[in-house]
Every structure is written in C-alpha cells, then in structure tokens.
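Architecture at a glance
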Amino acid sequence: ASGGVNAWLARSLARGVVRPIVKHPKVADAGQGRVLECDEATPISTVVERLKALLGVRFLRLALAAVVAPEALAKAQEFLTVKTVAVQVGEGATLLRGWTGDLLITSEMSHADVVAANAQNVNVILTGQSTIERAYLQYLRQELESEFADSDWNVLFKCSTDCNPLSVV
C-alpha cells in the first residue's frame, strides 16, 4: 500500500524520495517494498539510531559490507554513509535478492542471504518481524484516532498483554 508499513519506515529514516521496489501494475505509488533515495548521504550510525528510536529498541542486527574489527564498529558506522536504502518488512531476501544499493532493512533474512548481500557491497540491518509490526501499529493507531476523532466510533484499544515473543539476552 502507498501508505503502508514499508513506506512509513522508509519516510522515517531520512529526507528523500520514496518509491516502491516493485511497482503495482495498476495502482500509482503502490507496490512491494520501498526504496528511499536520500537527499544527502547519511552515516549508517544515524540511520541505526533513528531506526532504534522509531522501533523503541536498544539493539538491531547489523551486517556491514566492509570487514570491520569489532572494536572499530562504532567508528565504521560513522564513516560509512548511505544514499539508497531498501525497506522490505517481513522476510526480505526474495524481493531484495540482487538489489543494488547502500543499505537493506528487513525483518528477517537467512545467514546466506546476508552474506550474499554483503558480497554485493550492500549493508544489512535486521529488525525482527514483530519489532516493526508493533511500532507500526502504534503509528497506525494514532492515525486512525485522528481520522475518526469527530466520529462516534471508539473501537481502538491497545492490548496490555501483547509482547515480543523474542528477547535479546
């Protein structure tokens, strides 16, 4: 969808033009995934921090296309910049296989697909499926509350027992 989770995530990362990775044949601005063409090169560290804040997490999984010693990872993230970012919520390997750009953000990917992307000089951030879904649902709830603020509808609520099934320990 043109205003769906992929578009929301891409627009939240940096200023630039957002378009579908695969365009819908009949609906303008709709299609699978999103590509963000940033107005200016952005350090990976900035994208990582924006993504963490947006998703409300302390950690993300990052695979840099460059070989970096663990003690130099923070410096490398500041040094490496991105201009083209692909976003595909869910398991992104099928849609993004062979995509060329600077950074790929997806929920899940196999180890082999991450290595293949890095071999093509594409950096990868894996967020986890439910992490993106939960953040997007909060955003969508706010949008729907605004849309129906003047109506008699009161159907939006937040489940107090919902939680991510996976923990980082």
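It should be noted that the structure appears before, not after, this text.
So, here is what we can say about the structure in this document. (Residues numbered from 1 in each chain as written. Predicted model: local features only at pLDDT ≥ 70, side-chain atom pairs only at ≥ 80, totals over all residues. Heavy atoms only, no water.)

A word on the side chain of Thr106
Rules: Each helix is a run of H or I in the DSSP string that is no shorter than four residues. Each strand is a run of E no shorter than two, and both are numbered from the N terminus. Counting of polar contacts relies on pairs of N or O atoms within 3.5 Å, with two restrictions inside protein: one atom must be capable of donating a hydrogen and the other of accepting it, and residues adjacent in sequence are counted only when both atoms are side-chain atoms. Every residue pair with non-hydrogen atoms within 4.5 Å of one another is taken to be in contact.
Along the polypeptide, Thr106 turns up in strand 7 (residues 103–108). Within polar-contact distance, the side chain of Thr106 engages the backbone oxygen of Gln88 at 2.6 Å. A polar atom in the side chain of Thr106 sits 2.9 Å from the backbone oxygen of Gly90. When sequence neighbours within four positions are dropped, the list of residues in contact with Thr106 reads Gln88, Gly90, Glu91, Gly92, Ile125, Leu126 and Thr127.

Brief notes about the nonpolar core
Test applied: The nonpolar core is taken to be a set of buried Ala, Val, Leu, Ile, Met, Phe, Trp, Tyr and Cys residues, with the residues joined through side-chain atoms within 4.5 Å. For the exposure calls, accessible area comes from a 1.4 Å probe over protein chains only, and a residue counts as buried if that area is under 20% of its type's maximum, exposed if over 50%, partly exposed in between.
One finds Leu9, Leu13, Leu51, Leu55, Val85 and Ile105 to be the most contacted residues of the largest nonpolar core, which totals 25 residues. At five residues, the largest contribution of residues to this core is made by helix 2 (residues 44–55). Setting aside residues up to four positions removed in sequence, Leu13 forms contacts with Leu36, Val47, Arg50, Leu51, Val85, Val87 and Ile105. One finds Ile21, Ala63, Ala93 and Leu126 within the second-largest nonpolar core, a separate group that totals 14 residues.

Some remarks on the sheet that holds strand 6 (residues 81–91)
Counted only if it meets this: Strand pairing requires that DSSP identify at least two bridges connecting the strands. Interaxial angles span 0 to 180 degrees and are taken between N-to-C directions of axes, which are lines fitted to C-alpha atoms, for helices over the stretch in contact.
Taken in spatial order, the six strands line up as 1-4-6-7-8-5 in an open sheet, and their pairing is mixed. Two strands in the sheet have a free side with no partner beyond their single neighbour: strand 1 (16–19) and strand 5 (61–63). Each adjacent strand pair in this sheet contributes to an overall mean axis angle of 25°, direction not counted. Sheet analysis places strand 6 next to strand 7, joined by five bridges and oriented parallel. In the strand pairing of strand 7, Ala86 is matched with Leu104. Packing against the sheet, helix 1 (residues 5–13) makes contact with strand 1, strand 4 (34–43), strand 6 and strand 7, and its axis sits at approximately 155° to strand 6. Across the sheet, helix 6 (residues 129–147) lies against strand 6 and strand 7, angled at about 95° from strand 6, the strand it touches most.

Digging into helix 2
We count it as follows: How far a helix is expected to stretch is found by multiplying one less than its residue total by 1.5 Å. For this quantity, the arc is that covered by the directions from the helix axis to the C-beta atoms.
Over its 12 residues, helix 2 extends 16 Å from the first C-alpha to the last, a length consistent with the 16 Å expected when each residue adds 1.5 Å. All of the buried residues in helix 2 are Ile44, Ser45, Val47, Val48, Leu51, Lys52 and Leu55. Seen end-on, helix 2 carries its buried residues on one side only, within an arc spanning 160°. Of the residues one or two after helix 2, Gly56 is the one with positive phi, at around 70°.

Details of the packing of helix 1 against helix 2
Heads up, the rule is: Our angle categories are set so that under 35 degrees counts as roughly parallel, over 145 as roughly antiparallel, 65 to 115 as roughly perpendicular, and the remainder as oblique. When the near helix sits turned anticlockwise from the far one by under a right angle, the crossing is termed left-handed; a clockwise turn instead gives a right-handed crossing. Think of it as three bins: nonpolar holds Ala, Val, Leu, Ile, Met, Phe, Trp, Tyr, Cys and Pro, charged holds Asp, Glu, Lys and Arg, and polar takes everything else, Gly as well.
In contact at an axis separation of 9 Å, helix 1 and helix 2 are set at 130° when each is read in the N-to-C sense. It follows that helix 1 is oblique to helix 2 by the angle criterion. Helix 2 is crossed by helix 1, and the crossing has right-handed handedness. Listed contacts from helix 2 to Trp8, Leu9, Ser12 and Leu13 of helix 1 are Val47, Arg50, Leu51, Leu54 and Leu55. Within the contact of helix 1 with helix 2, the residues separate by chemical class into seven nonpolar, one polar and one charged.

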